[in-house]
Amino acid sequence: MIRVVVGADDAIATGANLVAEVVAARPDATLGFATGATPAPLYAELARRRQAGLVDFSRAHAVALDEYLGLAPDHADSYAHQLHREVTGPLGIAREHCDFLRGDAPDPDEECVRYERVLARGVDLQVLGIGRNGHIAFNEPGTDVASRTRVVQLAPSTRQANRGLLSTLADTPEAALSQGVGTILEARRILLIARGAAKAEALERALRGPVDPACPASALQLHDDVTVIADEEAAAGLAQAGAIRST
Ligand code: F6R
């Protein structure tokens, strides 16, 4: 089932409530965190609640969705670095409870196999963003719904959109390690966040179109516990399609 909540602050509060609920029910929950710009307000709200003593992540575990191939965890543009800086640090998740994909692993294929074993212990909640082309994690259009964690080539548009602040496009890796669509679907609960008009078409295809590898996010229709939080701009296509709206 997919529940859609549209709005700005209300939607972020809904997302934060969901994360808090998962951690309250299971203090040592495993949380999967997306990087990128979209979840920043959610992470900020969770950090605020943690500061206020409303939620405690000290026993929680963190896993990642994806990582650039070739980047070590201490590289400023690596997703591991971004997650520590913007998410697990502010939330107070212990370093030893963070297990992220190693972009600099000597054998990237073996690293993907290792990560499948890590994820097989169970992900209680996976936070996702969505690409303008409908990707989730780095599963670009054409990815099979049964795909597993593996090395993937990035679409030129994804490299352009995800260019690190410190990097030129030429420095942005052409490949990544990414959880597969099938891997993501094994998370117990999924929270997808979409913000901005640039995501409207992808979100509409994901939620209202057929389940189709051309839009990898459409595979979320196969999961039984998905919450989508979207601002008005990202939800524009859903409104036109007469989708459920609630705040
Ligand atoms: C990030 C990731 C990507 C992003 C997507 C949206 O870990 O897996 O799928 O969620 O590219 O990125 P933003 O939020 O920067 O628009």
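What you are looking at is a predicted structure, and each value in this text was computed from that prediction instead of being measured.

Asks: Help me understand the overall build of the protein, please; the structure alone is not making it clear to me.
Replies: Summing up its helical and strand segments, the protein has 8 helices and 10 strands in all. Relative to the 2.2 N^0.38 estimate, which gives 18 Å for 247 residues, the radius of gyration of the protein is 17 Å and therefore close to what a compact globule would have. Principal axes of the C-alpha set define a box for the protein whose edges measure 50 × 40 × 35 Å. Looking at the protein residue by residue over its 247 residues, the buried ones come to 53%.

Asks: I would appreciate a short explanation of the packing of helix α1 (residues 9-25) against helix α2 (residues 40-51) in the present structure.
Replies: Two numbers describe a pair of packed helices, the interaxial angle and the distance between the axes. Close contact between α1 and α2 brings their axes to 9 Å; oriented N to C, the two are set at 55 degrees. The angle between the axes of α1 and α2 places the two elements in the oblique class. Crossing of α1 against α2: the hand is right-handed. Here Ile 12, Ala 13, Gly 15, Ala 16, Asn 17, Val 19 and Ala 20 of α1 come into contact with α2, specifically with Pro 41, Leu 42, Glu 45, Leu 46 and Arg 49. Across the contact of α1 with α2, the residue classes tally to 8 nonpolar, 2 polar and 2 charged.

Asks: I'm lost on the side chain of Glu 140 in this one. Help?
Replies: With respect to the element layout, Glu 140 can be found in the loop between β6 (125-128) and β7 (150-153). Within the buried set, Glu 140 has no salt-bridge partner at all; the shortest N-O distance to an opposite charge, 9.1 Å, is to Arg 150. A polar side-chain atom of Glu 140 sits 2.9 Å from a polar atom in the side chain of Asn 133. If we ignore the near neighbours within four places in the chain, the residues touching Glu 140 are Asn 133, His 135, Gln 153, Leu 154, Ala 155, Thr 158 and Pro 216.

Asks: Please explain the sheet that holds strand β4 (residues 66-68) as it appears in this structure.
Replies: Strands in a sheet are paired, the pairing made by backbone hydrogen bonds, and the direction either parallel or antiparallel. Spatially, 3 strands are ordered β4-β8-β7 in an open sheet, and the strand pairing comes out antiparallel. Looking at strand neighbours, the two that pair on one side only are β4 and β7, the edges of this open sheet. Each strand of the sheet is rotated relative to its neighbour by a mean of 30 degrees, with strand direction disregarded. Pairing analysis gives 4 bridges linking β7 to strand β8 (residues 175-178), with the strands arranged antiparallel. Looking across to β8, one finds that Val 151 is bridged to Leu 177. Strands in contact with helix α4 (residues 108-120) are β7 and β8; relative to β7, the strand with the most contacts, it is inclined by about 120 degrees.

Asks: How should I be thinking about the site of the ligand in this particular structure?
Replies: Around the ligand there are 13 residues in total, and Thr 35, Thr 38, Asp 66, His 135 and Lys 199 lie nearest to it. Residue Thr 38 places a side-chain N or O atom 2.4 Å away from an oxygen atom belonging to the ligand. A distance of 2.7 Å is found between an oxygen atom of the ligand and a side-chain nitrogen or oxygen belonging to Lys 199. Expressed as a share of its isolated accessible area of 400 Å², the protein-covered part of the ligand is 90%. Judged by the proximity of its atoms to the pocket grid, the ligand belongs to the largest pocket. Taken together, the residues that form the shell around the ligand break down as 6 nonpolar, 5 polar and 2 charged.

Criteria and cut-off values
- Residues numbered from 1 in each chain as written.
- Predicted model: local features only at pLDDT ≥ 70, side-chain atom pairs only at ≥ 80, totals over all residues.
- Heavy atoms only, no water.
- Helix = DSSP H or I, 4+ residues; strand = E, 2+ residues; numbered from the N terminus.
- Rg over C-alpha atoms; globule rule 2.2 N^0.38 Å.
- Buried < 20%, exposed > 50% of the residue type's maximum accessible area, 1.4 Å probe, protein only.
- Axes fitted to C-alpha atoms, helices over the stretch in contact; angles between N-to-C directions.
- Parallel < 35°, antiparallel > 145°, perpendicular 65-115°, else oblique.
- Left-handed = near helix turned anticlockwise from the far one by under 90°.
- Contact = heavy atoms within 4.5 Å.
- Nonpolar A, V, L, I, M, F, W, Y, C, P; charged D, E, K, R; others polar.
- Lys, Arg positive; Asp, Glu negative; His and termini not counted.
- Salt bridge = Lys/Arg side-chain N within 4 Å of Asp/Glu carboxyl O.
- Polar contact = N/O pair within 3.5 Å; in protein donor to acceptor, adjacent residues only side chain to side chain.
- Pairing = 2+ DSSP bridges.
- Near = heavy atom within 4 Å.
- Areas by Shrake-Rupley, 256 points an atom, 1.4 Å probe, with all protein chains shown as cover.
- 1 Å grid on protein atoms, 1.4 Å probe; cavity = no way out; pocket = protein on both sides within 12 Å on 5 of 7 lines; lining within 4 Å.
- Sits in = over half its atoms within 2 Å of the grid points.

In short, shape yes, function no, at least from these values alone.
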